[in-house]
Amino acid sequence: MSAVLKGADVVKEMNEAMMAQLAARAAAGQDAPKLAIVRVGKRADDLAYERGAVKRFANIGLRTEVYAYPADIRQEDFLAAFRQINDDPDIHGILVFRPLAPQIDDQLVIEAINPGKDVDGISPVNMAKIFAGDSSGFAPCTAAAVMAILDHAGISLKGKRVAVVGRSLVVGKPLSMLLLARDATVTLCHSKTLDLPALCRESDILVACVGKAKLLGAEYIRPGAVVVDVGINVDEEGGLWGDVDFAAAESIAGAITPVPGGVGTVTTSILARQLMKAADIAGHQQGINGALMRY
Ligand code: NAP
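Because the structure is predicted, anything quoted here is derived from the model rather than measured.

### Quick look at the sheet that holds strand β6 (residues 185–189)
Strand order in the open sheet formed by six strands is β1-β11-β8-β7-β5-β6, and the pairing between neighbours is parallel. Two strands in the sheet have a free side with no partner beyond their single neighbour: β1 (3–4) and β6. The pairing of β1 with strand β11 (residues 255–256) spans two bridges and is parallel. Residue pairing for β11: Val4 is matched across the bridge by Ile256.

### Quick notes on the site of the ligand
Surrounding the ligand, one finds 22 residues, the nearest of these being Thr142, Arg167, Ser168, Ser191 and Lys212. Separating an oxygen atom of the ligand from a side-chain N or O atom of Ser168 is a distance of 2.5 Å. For the shell around the ligand, the element with the most residues is helix α10 (residues 263–294), which contributes three residues. Class assignment for the residues of the shell around the ligand results in 10 nonpolar, 10 polar and two charged.

### Details of the pattern of salt bridges
In total, this model carries 13 salt bridges according to the counting rule given. Here Arg25 makes a salt bridge to Asp280, at a shortest N to O gap of 3.3 Å. Here Asp280 lies in helix α10 and Arg25 lies in helix α1 (residues 7–27), a separation of 255 residues in the sequence. Put simply, Arg43 and Asp45 hold a salt bridge, and the shortest N to O gap is 3.7 Å. One network of salt bridges, in which partners are shared, links Lys34, Arg63, Glu65 and Asp90.

### Quick look at the nonpolar core
By size, the foremost hydrophobic cluster in this structure holds 52 residues, and its most contacted members are Leu150, Leu179, Val207 and Val266. Tallying contributions element by element places helix α6 (residues 141–152) first for this core, with nine residues. If you look at the next biggest cluster of nonpolar residues, it comprises 21 residues, including Tyr69, Ile73, Ala101 and Val109.

### Some details on the layout of surface pockets
Leftover empty space is mapped by rolling, across the atoms, a probe with the size of a water molecule. Space inside the largest pocket adds up to approximately 1400 Å³. As for the largest pocket, its lining consists of 48 residues, of which Tyr49, Asp120, Thr142, Ile232 and Thr267 are closest to the centre. At the level of secondary structure, the elements contributing two or more residues to the lining of the largest pocket comprise α2 (44–60), β4 (93–96), α4 (106–112), α5 (124–132), α6 and α10. The leading source of residues in the lining of the largest pocket is α2, at seven residues. Counted by class, the lining of the largest pocket contains 26 nonpolar, 14 polar and eight charged residues.

### Focus: the environment of Gly283
Structurally, the position occupied by Gly283 is in helix α10. Each C-alpha atom, one on Gly283 and one on Gln30, is 9.5 Å from the other, the two residues being 253 residues apart in sequence.

### Thoughts on the side chain of Asn126
Within the fold, Asn126 resides in helix α5. Accessibility expressed as a relative area gives 1% for Asn126, which makes it buried. The residues touching Asn126, leaving out its near neighbours within four places in the chain, are Pro115, Asp118, Gly137 and Phe138.

Conventions and cut-offs
- Residues numbered from 1 in each chain as written.
- Predicted model: local features only at pLDDT ≥ 70, side-chain atom pairs only at ≥ 80, totals over all residues.
- Heavy atoms only, no water.
- Pairing = 2+ DSSP bridges.
- Helix = DSSP H or I, 4+ residues; strand = E, 2+ residues; numbered from the N terminus.
- Near = heavy atom within 4 Å.
- Polar contact = N/O pair within 3.5 Å; in protein donor to acceptor, adjacent residues only side chain to side chain.
- Nonpolar A, V, L, I, M, F, W, Y, C, P; charged D, E, K, R; others polar.
- Salt bridge = Lys/Arg side-chain N within 4 Å of Asp/Glu carboxyl O.
- Core = buried A, V, L, I, M, F, W, Y, C linked by side-chain atoms within 4.5 Å.
- Buried < 20%, exposed > 50% of the residue type's maximum accessible area, 1.4 Å probe, protein only.
- 1 Å grid on protein atoms, 1.4 Å probe; cavity = no way out; pocket = protein on both sides within 12 Å on 5 of 7 lines; lining within 4 Å.
- Points joined across faces, edges and corners; volume = space filled by probe spheres on them.
- Contact = heavy atoms within 4.5 Å.

Bear in mind that shape data such as this cannot, by itself, settle questions of function.
As structure tokens, then:
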């Protein structure tokens, strides 16, 4: 029977650390960092995520403000409003729900977002930093959540063989770079990979970010391997399933994340942690600018 790596345990540790940092900030007379949540229209999944994020951030002691625009807002009006959010010194981080709306080119927003406030890791600047191994950047939250789960479980990555199945720009690719930066030997797999089961079976750590319910069964898992399941697949009855066949994998893997209750649980805390980092970097930069002005 494998150990189940629960997201809630990671969240508890991260949130406690952030609350201690916020108490220190408050004692120094600093406001809590603030996240701007930017939404166009009222898509049900955006609203659900928004409600969860607002509540969880408030529980930690972080500020949020929702900027909601009508579904038919003109692109130029949206971009003008977005620029104001981007330039507001009281906003330390920005989360934009995408796709925005058919009349708005998401790419314009991805390119416009201030990389220093891009706590969701969508800007090409932050992507480049992740690929360059520059830790001042912001990784996409899901990729960072996988790293947080492995770290919390004390799983060493140095020299380990890791198979990442799925090469999207939001999960698989940045995650491979984060793993590589920690000296893992990474194989990035995709739909054209030949003999995927054998390749996965050679791996000490298997990360599934495919988007196909229960695709990875027993024949993909090396006995004792660590299995991290990023997949969130909803069936016709509304049930949630990972990309790994949990029932088959559980008796083979050394440790495994559940779905739900695994990676997905950790992403909001990663967003919060990245907001704290953005505020710290902005505060540090203000201090440097102030010192230069005095000089
Ligand atoms: P995506 O953009 O659709 O990418 C899927 C990747 O899987 C692609 O690289 C694709 O290969 C590969 N793939 C598809 N079928 C395959 C197969 N049979 N064998 C091997 N590789 C295969 O998906 P995504 O946005 O990365 O999301 C992946 C999963 O993670 C989804 O279930 C999504 O819901 C979930 N997710 C979870 C969170 C979270 O917070 N837990 C966040 C984001 C996403 P090609 O490149 O060759 O097409």
